[in-house]
Amino acid sequence: MSYPYVIRNYCPKDLDDLVNLVNEAKRLKDEHYISPQTPIESLGRLQDYYFEKDLFLAEIASNIIGYVNVTRELNIGRVVLSCLVHPRNRRKGLGTKLFGHAMHHAKQLGAKVAHTNIYQDNVVAKRFLSKLGFKFVRLYLELRLNFANVHLPDTDQPFLCRHLKPGEEDRLTKLQNRSFADTWGYNPNTVEEISYRTSLPDYSPRNIILAYEGDRPVGYCWTQADLDEKQANAVGGKKGRVYMLGVDPDCRGRGMGKMVLLAGLHHLKSKGFQIVEATVDSENKTANSLYRSIGFKEWTTSLWYEKTID
Ligand SMILES: CC(C)(COP(=O)(O)OP(=O)(O)OC[C@H]1O[C@@H](n2cnc3c(N)ncnc32)[C@H](O)[C@@H]1OP(=O)(O)O)[C@@H](O)C(=O)NCCC(=O)NCCS
């Protein structure tokens, strides 16, 4: 293409321009402007080290007109890509170039497969991905609960539930990795990653409920506050999220999941949240029926696409 763009690595001074690109895409009413995993929310919070190495910008005459981010999940041999091209610069081959750049980088990192996630009605991205040789592999359900429409049962707990205490991140890491060991797309976390996440205001230990059997944590509900007020107005109330919910495989089938989920929901309700969202793999029948039994309803779906890196 005779288009004088360059593709280069992100550096911290690009942050404002990148945020402007995303806001501009939103302003131009690009409803599904972005894949569910946008790096922008994390920029300025996650270690810059990775963004400087794994986030690439397309630029014309010093204007940033697109990006592709490569999230490393190399313990399971994959990277997760997310990409945005400014609406005025689309259909000129730029997305294809950015993805090509990202796939080359992923290969150098030693990844075997690239995944990307889009909302179900993102018709353009579906065409784009299939042209690039990506195949649909997994359907995720986006669930929502409105406290105004459900009666939350009390939790008569045979297990002790309490908030995570600072310093217990290693116990949470172990429990999370055990709970999600066989889960599609789960990249085991390190204690550093969990500690980093719990240091963020919206993921703080106060929002994590652990359920104990004796002195052993065997279940947890990690709730998250959505701090975006515009989003809250759009869905009709202050919004929280069940970010993670897990029960140790040895302790399943005894009501622990429901109990710890209810404890998490009571916590969110007590903090004034009206809406709670959760994302669940459509193939995870147990989690689906648990969420639905409490009153969660599906409001949309998202699709995972995959391409092998050769
Ligand atoms: C998806 C996106 C990154 C594509 O970027 P782009 O630079 O416009 O894409 P390209 O010009 O490289 O298009 C490559 C192919 O995708 C398909 N495509 C792209 N835009 C399309 C459109 N509006 N309608 C139909 N097909 C389209 C075509 O097959 C196209 O090849 P062709 O032009 O030879 O027919 C861009 O539309 C975008 O930023 N969308 C919002 C963000 C998003 O959805 N991200 C998820 C990406 S996985």
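Residues numbered from 1 in each chain as written. Predicted model: local features only at pLDDT ≥ 70, side-chain atom pairs only at ≥ 80, totals over all residues. Heavy atoms only, no water.

1. What about the overall build of the protein?
Next, step 1: Within the protein, the regular secondary structure consists of 9 helices and 12 strands.
Next, step 2: Going through the 310 residues of the protein one by one, you find that 49% of them count as buried.
Next, step 3: Within the protein, residue pairs in contact and separated by at least 24 positions form 74% of the contacts whose partners lie at least 6 positions apart.
Next, step 4: Surface summary for the protein: the accessible area is close to 15700 Å², and the carbon and sulfur share equals 49%. (Helix = DSSP H or I, 4+ residues; strand = E, 2+ residues; numbered from the N terminus. Buried < 20%, exposed > 50% of the residue type's maximum accessible area, 1.4 Å probe, protein only. Contact = heavy atoms within 4.5 Å. Areas by Shrake-Rupley, 256 points an atom, 1.4 Å probe, with all protein chains shown as cover.)

2. What about the sheet that holds strand S4 (residues 78–85)?
Next, step 1: As summarised here, the arrangement of the 12 strands in space is S1-S2-S3-S4-S5-S12-S6-S11-S10-S9-S8-S7, forming an open sheet in which the pairing is mixed. Each edge of the sheet is formed by a strand with only one pairing partner; in this case those strands are strand S1 (6–9) and strand S7 (160–163). Pairwise comparison of adjacent strand axes, ignoring direction, gives a mean angle of 25° for this sheet.
Next, step 2: Both strand S10 (residues 239–247) and strand S11 (residues 275–281) contribute to a ladder of 3 bridges, which runs parallel. (Pairing = 2+ DSSP bridges. Axes fitted to C-alpha atoms, helices over the stretch in contact; angles between N-to-C directions.)

3. Brief notes about the nonpolar core
Next, step 1: One finds Val242, Leu245, Leu261, Leu265, Tyr291, Ile294 and Phe296 to be the most contacted residues of the largest nonpolar core, which totals 34 residues.
Next, step 2: Secondary structure elements with two or more residues in this core: strand S6 (135–146), strand S8 (208–213), strand S9 (216–225), S10, helix H8 (256–270), S11 and helix H9 (285–294).
Next, step 3: Sort the elements by how many residues they give to this core and H8 lands first, with 8 residues.
Next, step 4: In contact with Tyr291, other than residues within four places in its own chain, are Leu143, Val242, Leu245, Leu261, Ala278, Val280 and Phe296.
Next, step 5: In terms of nonpolar packing, the next biggest core, distinct from the first, is built from 27 residues, Val85, Ala111, Ile118 and Leu303 among them. (Core = buried A, V, L, I, M, F, W, Y, C linked by side-chain atoms within 4.5 Å.)

4. Let's talk about the environment of Ser179
Next, step 1: Inspection of the secondary structure puts Ser179 in helix H5 (residues 169–179).
Next, step 2: C-alpha of Ser179 to C-alpha of Pro249: the two residues are 70 residues apart in sequence and 6.1 Å apart in space.

5. Overview of the pattern of salt bridges
Next, step 1: What the rule picks out here adds up to 20 salt bridges.
Next, step 2: Here Glu73 ties to Arg78 by a salt bridge, and the two come within 2.8 Å at their closest N and O atoms.
Next, step 3: Since its relative accessible area comes to 5%, Arg78 is described here as buried.
Next, step 4: Two residues, Arg216 and Asp248, come together in a salt bridge whose shortest N-O distance is 3.4 Å. Remark: Asp248 occurs in the loop between S10 and H8 and Arg216 occurs in strand S9; sequence separation between them is 32 residues. (Salt bridge = Lys/Arg side-chain N within 4 Å of Asp/Glu carboxyl O.)

6. With respect to H5
Next, step 1: Three or more residues of H5 are buried, namely Glu169, Leu172, Thr173, Leu175, Gln176 and Ser179.
Next, step 2: Turning to H5, the residues buried within the fold contact helix H6 (191–198), S8, S9 and S10.

7. Thoughts on the side chain of Thr198
Next, step 1: With respect to the secondary-structure elements, Thr198 resides in helix H6.
Next, step 2: In this structure Thr198 comes out as buried when scored by relative accessible area, which is 6%.
Next, step 3: Separated by 3.0 Å, the side chain of Thr198 and the backbone oxygen of Ser195 make a polar contact. (Polar contact = N/O pair within 3.5 Å; in protein donor to acceptor, adjacent residues only side chain to side chain.)

8. Focus: the packing of H5 against H6
What describes two packed helices is the angle between their axes and the distance between those same axes.
Next, step 1: Contact geometry for H5 and H6: axes closest at 9 Å, N-to-C directions at 115°. With respect to their mutual orientation, H5 and H6 come out roughly perpendicular. In the packing of H5 onto H6, the handedness of the crossing is right-handed. Note on element contacts: H6 touches H5 through Val191, Ile194, Ser195 and Thr198, opposite Glu169, Asp170, Leu172, Thr173 and Gln176. (Parallel < 35°, antiparallel > 145°, perpendicular 65-115°, else oblique. Left-handed = near helix turned anticlockwise from the far one by under 90°.)

So yeah, pure geometry; function would need other evidence.
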